[in-house]
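Per-entry structural report
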Amino acid sequence: MAIREIRVFGDPVLRTVCTPIETIDDGVRAMVQDLCDTVAFDGRAGLASTQIGYTQRAFSLHIDGEVSYVLNPELCDLEGEPVPTGEGCLSVPDLWFDVLRYPRAAVRGIDLDGNPVLIRGEGLMAQALQHECDHLDGKLYISRLEREARGEAMRQIRTSSWF
Ligand code: NI
């Protein structure tokens, strides 16, 4: 069990397009343990592998007090009209911006035994599924902002104490 340091904006690993997991070995099991251990704090709703330095496709969730994870997640259902939703990211500390997110979403993947997993939800769960899937494609939510908001986000990043 290990609580990992969270990588922040500027770390190239956050821009990595992650590779699918083909063999579930000890390395993958350790990554999942780290993802679950590191997400299990108040104020942490989701954590993608890149955020703790891995580059295989997996993320953990911490929603309604419950920690879960999925390997090789793929968004399979996006429902409703996208709405501006307040969003932040552990890798971009202290920033908070509205992002267009579908109100309902589902992800398909597998668990550590290779069995199919389906995670479906609305509200925060739907938002987290979309946000974490973006991470695995090397994308941070600020890249989804309109030009003006993105400029403001970059300004806040440049003047932040952690950057
Ligand atoms: Ni994030």
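I will try to describe carefully the structure that is included in this document. (Residues numbered from 1 in each chain as written. Predicted model: local features only at pLDDT ≥ 70, side-chain atom pairs only at ≥ 80, totals over all residues. Heavy atoms only, no water.)

**Notes on the overall build of the chain**
Within the chain one finds three helices and seven strands. The N-to-C order of helical and strand elements in the chain reads α-β-β-β-β-β-β-β-α-α. The C-alpha atoms of the chain give a radius of gyration of 15 Å, which matches the 15 Å a tight globule of 163 residues would have. Overall, the C-alpha framework of the chain stretches about 45 × 35 × 30 Å when taken along its three principal axes. Across the 163 residues that make up the chain, the buried fraction comes to 43%. Taking the contacts inside the chain whose residues are at least 6 apart along the sequence as the reference set, 64% of them involve residues at least 24 apart. In the structure as shown, the chain presents an accessible area of about 8700 Å², 48% of it carried by carbon and sulfur atoms. Of the charged side chains in the chain, 16 are positive and 26 negative; the average position of the first set lies 7 Å away from that of the second. (Helix = DSSP H or I, 4+ residues; strand = E, 2+ residues; numbered from the N terminus. Rg over C-alpha atoms; globule rule 2.2 N^0.38 Å. Buried < 20%, exposed > 50% of the residue type's maximum accessible area, 1.4 Å probe, protein only. Contact = heavy atoms within 4.5 Å. Areas by Shrake-Rupley, 256 points an atom, 1.4 Å probe, with all protein chains shown as cover. Lys, Arg positive; Asp, Glu negative; His and termini not counted. Charge placed at Lys NZ, Arg CZ, Asp CG, Glu CD.)

**Here's the deal with the packing of aromatic side chains**
According to the stated counting rule, one finds two aromatic pairs in the structure shown. Geometrically, the ring pair formed by Phe 9 and Phe 163 is tilted, given 5.9 Å between the ring centres and 55 degrees between the ring planes. Placement of the pair is Phe 9 in the segment before helix H1 (26–39) and Phe 163 in the segment after helix H3 (147–158), with a sequence separation of 154 residues. Seen from their ring centres, Trp 162 and Phe 163 are 6.1 Å apart, and the 80 degrees between their planes marks the pair as edge-to-face. Through a chain of ring-to-ring contacts, three or more aromatic side chains come together here, namely Phe 9, Trp 162 and Phe 163. (Phe/Tyr/Trp six-rings, centres within 6.5 Å; stacked < 30°, edge-to-face > 60°.)

**A closer look at the layout of surface pockets**
Taken as a whole, the largest pocket holds about 370 Å³ of empty space. In terms of lining, the largest pocket is formed by 21 residues, of which the most central are Gly 43, Ala 45, Gly 88, Cys 89 and Trp 96. Looking at the lining of the largest pocket, the elements with two or more residues in it are strand S4 (83–89), strand S5 (92–101) and helix H2 (124–136). Element by element, the count of residues in the lining of the largest pocket is highest for H2, at six residues. In terms of residue class, the lining of the largest pocket is built from nine nonpolar, eight polar and four charged. Empty space within the second largest pocket amounts to approximately 230 Å³. Contributing to the lining of the second largest pocket are Phe 9, Gly 10, Asp 11, Leu 14, Arg 15, Gly 138, Lys 139, Leu 140, Ile 142, Ser 143, Arg 150 and Met 154. The residue makeup of the lining of the second largest pocket, split by class, is five nonpolar, three polar and four charged. (1 Å grid on protein atoms, 1.4 Å probe; cavity = no way out; pocket = protein on both sides within 12 Å on 5 of 7 lines; lining within 4 Å. Points joined across faces, edges and corners; volume = space filled by probe spheres on them. Nonpolar A, V, L, I, M, F, W, Y, C, P; charged D, E, K, R; others polar.)

**Overview of the coordination of the nickel ion**
Within the first shell, the nickel ion binds the protein through Cys 89 (SG), His 131 (NE2) and His 135 (NE2), at distances of 2.0 to 2.3 Å. Counting along the primary sequence, the residues that act as donors to the nickel ion give the motif C-x41-H-x3-H. Linking Cys 89 in strand S4 with His 135 in helix H2, this pair joins segments that are 46 residues apart in sequence. Pair check on accessibility: Cys 89 and His 135 agree, each one buried. (Donors = N, O, S within 2.8 Å, 3.2 Å for Na, K, Ca; no water.)

**Remarks on H2**
The first and last C-alpha atoms of H2 sit 18 Å apart over 13 residues, in line with the 18 Å expected at 1.5 Å per residue. In terms of burial, H2 is a largely internal element, twelve of the 13 residues being buried. Buried within H2 we find Met 125, Ala 126, Gln 127, Ala 128, Leu 129, Gln 130, His 131, Glu 132, Cys 133, Asp 134, His 135 and Leu 136. Among the residues trailing H2, Gly 138 stands out with phi positive, at a value near 75 degrees. (Expected span 1.5 Å × (residues − 1).)

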